[in-house]
Amino acid sequence: MLVLGMMSGTSADGIDVALARVSGAPPNLDAKLLDHTSTKFPSALRREILRVAEQHPITAGALSQLNFRLGELFAVAAIAACRKFKIASKRIALIGSHGQTIFHQGRPIPCFGSATASTLQIGEPSVIARTGITTVGDFRPADIALGGQGAPLVPYTDYLLYRHEKFGRVSLNLGGIANITVLPRAAKPQQVFAFDTGPANMLIDALVSYFSRGRLRFDKNAHLAARGRSNPALLDELMRDPYLRIAPPKSTGREYYGQAYLKKILTLGRRHRAKPDDLIRAATIFTALSVVDALNRFVLPKTNIHQLIVSGGGAHNPLILAQLSAALPGVEVLPSSHVGVPEDAKEAFAFALLAYETFHQRPANLPSATGARGAAILGKISYAPPR
């Protein structure tokens with residue numbers, strides 16, 4: 001089958017689209033990434049997504065409208081990707097759309113007399129299916145319904161792509177949030193574990209946007225961070241973040257590392273007399289060292305790791321990669337493109353594979369990663385309208 005995977009992450013920059021050819025079934029599933037592209041969200045729409053994801057008030061009607069409008073944009077992105085890939089949309093058998101997360105509470109909290117976990121991704125799959133391509137969406141709730149965190153789900157793909165008979169590996173994705181998948185040497189599925197380590201591009205991007213008054217979205221090639229001065233006392237305070245000490249399984253997002261956290265960092269910056277570039281540098285190094293802290297605290301004491309494979313937008317940040325290499329002697333740090341998957345395509349590729357498994361009624365969560373009580377067939381299928 002030819003499958004499109006579609007992903008919009010916590011940074012809400014836009015929609016990543018990956019084209020995959022998938023055949024077979026585990027353990028002999030064969031998946032090949034054929035191409036990938038991305039489209040940006042309109043600025044006003046992105047601001048609204050971020051506003052809602054920061055838990056600012058929205059009416060039920062406005063949320064419903066936003067859900068369907070995003071579905072339209074995902075549909076447009078799918079058709080545009082087919083044109084770019086020079087492939088007729090009727091040849092695409094399936095779309096897997098992660099949608100846009102606007103709320104994620106992986107650990108149960110009180111709700112009308114009962115502890116409840118929940119997650120909400122918008123971008124209506126039934127609207128995407130108007131492309132004429134059957135669409136799988138809403139992947140996370142099935143895992144949460146079984147007591148899991150609903151995240152991370154990409155470890156299933158990491159296992160298929162990166163498991164190695166001789167090397168222990170960690171797959172690190174640096175999107176808005178940083179998450180890792182731990183693959184011990186010759187791992188069995190139940191030996192794989194994964195969790196969100198903390199922030200990645202989310203805090204850096206927020207600081208860059210704040211200090212540039214919205215002119216810049218991110219720190220390209222760490223130019224701003226490279227101009228900043230190190231501030232060890234500030235970094236020490238950041239490394240005392242309570243989230244870092246929580247044992248996995250765990251997941252986080254904009255609910256924790258969003259505007260409230262940005263205000264906290266700005267307050268710390270004033271206390272430590274940090275200039276804007278100093279603060280951007282501190283957030284960048286914090287991203288790297290929080291990953292290192294997670295590895296040292298929860299992974300390396302029990303698992304021998306040879307390689308750290310890095311994907312996501314943060315894989316293009318030379319300061320993050322340099323910090324990871326310096327702090328992890330004996331571990332080879334390499335971009336995912338060195339093992340066959342472009343850094344910006346891995347998560348969209350993952351949702352193509354997850355959709356393929358859902359369509360074939362096979363579970364694709366890893367309970368060892370999410371904490372679920374058992375395997376779950378993920379997602380909901382919106383069938384294409386009859387031709």
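The structure under discussion appears in the preceding block.
Here we summarise the structure given alongside this text. Each chain has its residues counted from 1, following the order in which its sequence is written. Totals for whole chains, interfaces and linings use every residue, but because this is a predicted model, local features are given only for residues with pLDDT of at least 70 and side-chain atom pairs only at 80 or more, for both listing and counting. Hydrogens and water are ignored here; the side-chain numbers use all heavy atoms of the structure.

1. Observations concerning the packing of aromatic side chains
Within a pair of aromatic rings, the relevant descriptors are the distance that separates the centres and the angle that separates the planes.
So, step 1. Note on aromatic contacts: the rings of Phe and Tyr and the six-membered ring of Trp form a pair at centre separations within 6.5 Å, being stacked when their planes are under 30 degrees apart, edge-to-face when over 60 apart, and tilted otherwise. This model, assessed by the stated rule, comprises eight aromatic pairs.
So, step 2. With 5.2 Å between their ring centres and 75 degrees between their planes, Y210 and F211 make a pair best called edge-to-face.
So, step 3. A 1.4 Å probe rolled over the protein chains alone gives each residue an accessible area, and that area as a share of the maximum for its type sets the label: buried under 20%, exposed over 50%, partly exposed in between. When its relative accessible area of 46% is taken as the criterion, Y210 is described as partly exposed.
So, step 4. Seen from their ring centres, Y243 and Y256 are 6.1 Å apart, and the 40 degrees between their planes marks the pair as tilted. Residue Y243 is found in the loop between α8 (232-238) and α9 (254-257), and its partner Y256 is found in helix α9; the two are separated by 13 residues along the sequence.
So, step 5. The class for Y243 is buried, based on a relative accessible area of 6%.
So, step 6. Judged by relative accessible area, Y256 falls into the partly exposed class, the value being 32%.
So, step 7. Every member of this aromatic cluster is reached through a ring pair, and the members are Y243, Y256, Y257 and Y261. Numbering goes from the N terminus for both helices and strands, where a helix is a DSSP run of H or I of at least four residues and a strand is a run of E of at least two.

2. What to know about the pattern of salt bridges
So, step 1. A side-chain nitrogen of Lys or Arg and a carboxyl oxygen of Asp or Glu constitute a salt bridge if their distance falls within 4 Å. The full count for this structure, using the stated rule, is eleven salt bridges.
So, step 2. Residue R51 is joined to E48 by a salt bridge in which the shortest nitrogen-to-oxygen separation is 2.9 Å. Here the residue R51 and the residue E48 both occupy positions in helix α1 (residues 43-53), the gap between them amounting to three residues, near one helical turn.
So, step 3. When its relative accessible area of 29% is taken as the criterion, R51 is described as partly exposed.

3. Here we look at unusual backbone geometry
So, step 1. In this chain, A151 is followed by P152 through a cis amide linkage whose omega measures -10 degrees.
So, step 2. Relative to the assigned elements, P152 resides in the loop between α4 (141-145) and α5 (155-162).
So, step 3. Of note, the amide linkage connecting P248 to P249 takes the cis form, showing an omega dihedral of 5 degrees.
So, step 4. Among the secondary structure elements, P249 is positioned in the loop between α8 and α9.
So, step 5. Phi at A12 is positive, roughly 55 degrees, even though this residue is not glycine.
So, step 6. Relative to the helices and strands, A12 is located in the loop between β1 (2-8) and β2 (14-23).

4. Topic: helix α13 (residues 346-359)
So, step 1. Between its first and last C-alpha atoms α13 spans 20 Å; for 14 residues at 1.5 Å apiece the expected length is 20 Å, and the two agree.
So, step 2. Within α13, 13 of the 14 residues are buried, which leaves it mostly tucked inside the rest of the structure.
So, step 3. Positive phi appears at Q361, one or two residues downstream of α13, with a value of about 60 degrees. By this rule the span expected of a helix is its residue count minus one, scaled by 1.5 Å.

5. Description of the packing of helix α6 (residues 201-211) against helix α10 (residues 259-271)
So, step 1. Where helices are involved, their axes are fitted lines through C-alpha atoms of the stretch in contact, as for all axes, and angles between N-to-C directions lie from 0 to 180°. Here α6 crosses α10 at 70 degrees, and the two axes come no closer than 10 Å. Comparing their axes, α10 and α6 come out roughly perpendicular. For the pair α6 and α10, the sense of crossing is right-handed. In this structure, α6 uses L203, A206, L207, Y210 and F211 to contact α10, whose residues at the interface are Y261, L262, I265 and L266.
So, step 2. Put simply, Ala, Val, Leu, Ile, Met, Phe, Trp, Tyr, Cys and Pro go in the nonpolar bin, Asp, Glu, Lys and Arg in the charged bin, and everything else, Gly too, in the polar bin. Among the residues forming the contact of α6 with α10, the class breakdown is nine nonpolar, no polar and no charged. Roughly parallel means an angle under 35 degrees; roughly antiparallel, over 145; roughly perpendicular, 65 to 115; everything else is oblique. For any pair of crossing helices, the crossing counts as left-handed if the nearer helix is rotated counterclockwise from the farther one by less than a right angle, and right-handed if it is rotated clockwise. Contacts are residue-level and defined by heavy atoms, with any inter-residue pair within 4.5 Å sufficient.

6. Thoughts on the environment of A226
So, step 1. Relative to the helices and strands, A226 is located in helix α7 (residues 223-227).
So, step 2. In this structure A226 comes out as exposed when scored by relative accessible area, which is 54%.
So, step 3. Put simply, A226 and T284 are 58 residues apart on the chain and 9.8 Å apart in space, counted from C-alpha to C-alpha.

7. Observations regarding the environment of A327
So, step 1. Topologically, A327 is positioned in helix α12 (residues 318-327).
So, step 2. Along the sequence, A327 and V292 sit 35 residues apart, while their C-alpha atoms lie 6.9 Å from each other.
So, step 3. Contact partners of A327, with chain neighbours within four places excluded, come to L289 and V292.

8. Notes on the sheet that holds strand β9 (residues 193-199)
So, step 1. Any two strands between which DSSP finds at least two bridges are classified as paired. One open sheet holds the five strands; their spatial order is β9-β8-β7-β10-β11, and the pairing between them is mixed. Of all the strands in the sheet, the pair left with one neighbour each is β9 and β11 (332-335). Adjacent strand axes in the sheet meet at a mean angle of 20 degrees when their direction is disregarded.
So, step 2. The sheet contact formed by strand β8 (residues 177-183) and β9 spans six bridges and is antiparallel. By the bridge assignment for β9, A178 is matched with G198.
So, step 3. Contacting β7 (169-174), β8 and β9, helix α11 (residues 276-299) runs over the sheet at an angle of about 145 degrees to β9.

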